[in-house]
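# Structural characterization, general
The chain contents come next:
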Amino acid sequence: MKKANKAAMEKHHDIRPEDYDLVISHYKNLITRNENVIDAYNNMGFIYIEKEEYEEALKCFLKILEMTPETAGTLNNVGYVYEKLDRPDMARHYYEKALSVDAGNLEAHINIGHLYELQGNYHEALKQYKKAVAMAPDNDTPRFCLAVLYDTHDMYDEAMEQYKEITKKNPTHVKSLYNMGRINFQWGNYTAATALFNEVLGLDPDNAGALNSLGLIHEFHKEYPEAMDVYRKSLLIDPFHEETNFNLAALQYALFRVWPESAKLDEIVRRLNFVISLNPFHYKAEKLLDRILEEKKSRQPS
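Each value, and the rule that gives it
Residues numbered from 1 in each chain as written. Predicted model: local features only at pLDDT ≥ 70, side-chain atom pairs only at ≥ 80, totals over all residues. Heavy atoms only, no water. Helix = DSSP H or I, 4+ residues; strand = E, 2+ residues; numbered from the N terminus. Buried < 20%, exposed > 50% of the residue type's maximum accessible area, 1.4 Å probe, protein only. Contact = heavy atoms within 4.5 Å. Areas by Shrake-Rupley, 256 points an atom, 1.4 Å probe, with all protein chains shown as cover. Core = buried A, V, L, I, M, F, W, Y, C linked by side-chain atoms within 4.5 Å. Expected span 1.5 Å × (residues − 1). Salt bridge = Lys/Arg side-chain N within 4 Å of Asp/Glu carboxyl O. Axes fitted to C-alpha atoms, helices over the stretch in contact; angles between N-to-C directions. Parallel < 35°, antiparallel > 145°, perpendicular 65-115°, else oblique. Left-handed = near helix turned anticlockwise from the far one by under 90°. Nonpolar A, V, L, I, M, F, W, Y, C, P; charged D, E, K, R; others polar.

## Remarks on the overall build of the chain
Looking only at helices and strands, one finds 17 helices and zero strands in the chain. Expressed along its principal axes, the backbone C-alpha trace of the chain runs to roughly 75 × 45 × 35 Å. Residues classed as buried in the chain amount to 46% of the 302 residues present. In the chain, once contacts between residues fewer than 6 apart in sequence are set aside, the share between residues at least 24 apart is 47%. If you sum the accessible surface of the chain, you get close to 16300 Å²; carbon and sulfur atoms cover 52% of it.

## Let's talk about the nonpolar core
Of all hydrophobic cores here, the largest spans 71 residues; its most connected members are Met44, Ile49 and Phe61. Top element by residues in this core is helix H3 (residues 37-50). It accounts for eight residues. Residues Tyr253, Phe256, Ala263 and Ala285 belong to the second largest nonpolar core, which totals 15 residues.

## Details of helix H11 (residues 174-187)
In this model, H11 (14 residues) spans 20 Å end to end at C-alpha, consistent with the 20 Å of a helix rising 1.5 Å per residue. All of the buried residues along H11 are Ser176, Leu177, Asn179, Met180, Gly181, Ile183 and Asn184. Where the residues of H11 are buried, they touch helix H9 (140-152), helix H10 (156-169) and helix H12 (190-203).

## Considering the pattern of salt bridges
Inspection of every chain in the model, using the stated rule, returns 14 salt bridges. The partner of glutamate 70 in a salt bridge is lysine 97, and the shortest N-O contact between them spans 2.8 Å. Taken together, the residues glutamate 70 in the loop between helix H4 (54-67) and helix H5 (72-84) and lysine 97 in helix H6 (residues 88-101) connect sequence positions 27 residues apart. Taking relative accessible area as the criterion, glutamate 70 reaches 36% and is therefore assigned partly exposed. Through salt bridges with shared partners, a single network forms among Asp138, Glu165, Lys168 and Lys169.

## Observations regarding unusual backbone geometry
Although it is not a glycine, asparagine 36 sits at a positive phi angle of roughly 50°. Tracing the backbone through its elements, the reader meets asparagine 36 in the loop between helix H2 (20-32) and H3. Look at aspartate 154: it is not a glycine, yet its phi comes out positive at around 60°. For aspartate 154, a relative accessible area of 53% corresponds to the exposed category.

## Notes on the packing of helix H13 (residues 208-220) against helix H15 (residues 242-258)
Put simply, H13 and H15 touch, their axes get as near as 10 Å, and they point 25° apart. By the criterion of interaxial angle, the relationship of H13 to H15 is roughly parallel. Along this stretch, H13 crosses H15, giving a crossing that reads as left-handed. Each of Ala208, Asn212, Leu216 and Glu219 in H13 lies in contact with H15, whose residues at this interface are Glu243, Thr244, Asn247 and Leu251. Tallied by class, residues from the contact of H13 with H15 come to three nonpolar, three polar and two charged.

## Focus: the packing of H3 against H4
Look at H3 against H4: their axes get within 8 Å of each other, and the N-to-C directions meet at 155°. Considered as vectors, H3 and H4 are oriented roughly antiparallel to each other. The hand of the H3/H4 crossing is left-handed. Every residue of H4 that contacts H3 at Val37, Ile38, Tyr41, Asn42, Met44, Gly45, Phe46, Tyr48 and Ile49 is listed here: Tyr54, Glu56, Ala57, Cys60, Phe61, Lys63, Ile64 and Met67. Across the contact of H3 with H4, the residue classes break down as 13 nonpolar, two polar and two charged.

Take a look at the structure:
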């Protein structure tokens, strides 16, 4: 459900989560009265997806297939739910059925590529995404999937080429701009990275990731107060941003070692514990926390 049903998903974002059950009850009443039955099942399916109740969503979309001729849209929806249920073979079966109904269905091609990607089959994912890009060269979605595939396999030149192609046609594509900034940062092109992250913030002022990245650039330039301010601003937007919490704690500790009055060690420890609670496998946070606790222990009188 990477493209064609995006609008249907977004429609239900306007419903408050606390109202989901009430809305589902409304759709069930429509079905009982035999009014707008197909739309009711379809809308319930999307709400169950929002609720992460995938078995219930599957029942809704399968019911539609029982009642109406197969459409690529509904087949994609069933495939997507199977994907969320971690049943990739069934997901592929329905995506391929969508293609048997509509061989040019872009969403199905992208979904199959995504399945291959999840299974670690780079070459088949690449083939599928390239096919989708060739089908719709002006569509952002397949090209972005291709770019991200390159990106996650550290093929940064190829990824950058695709991100640039996207932003050439769609200058406000925030995710592409952000990823271009991140790659430039990795390359050490800090001026270009700063410009791109600021461009992201111009379009999306609440982008905590872009603020975090600007903080790292300030750190590289030894602009520590500026880095601290940007990290704190990022956390005002997203207090649970894992990397920003870690970067702030690491910077506070580095400054503490030079100017002990600049931060409280207990506060740094609390922040690192918070990072580990968000991600128990955050190796850097664990390593830094162990170092601080050892240091605290060594300072205590024997």
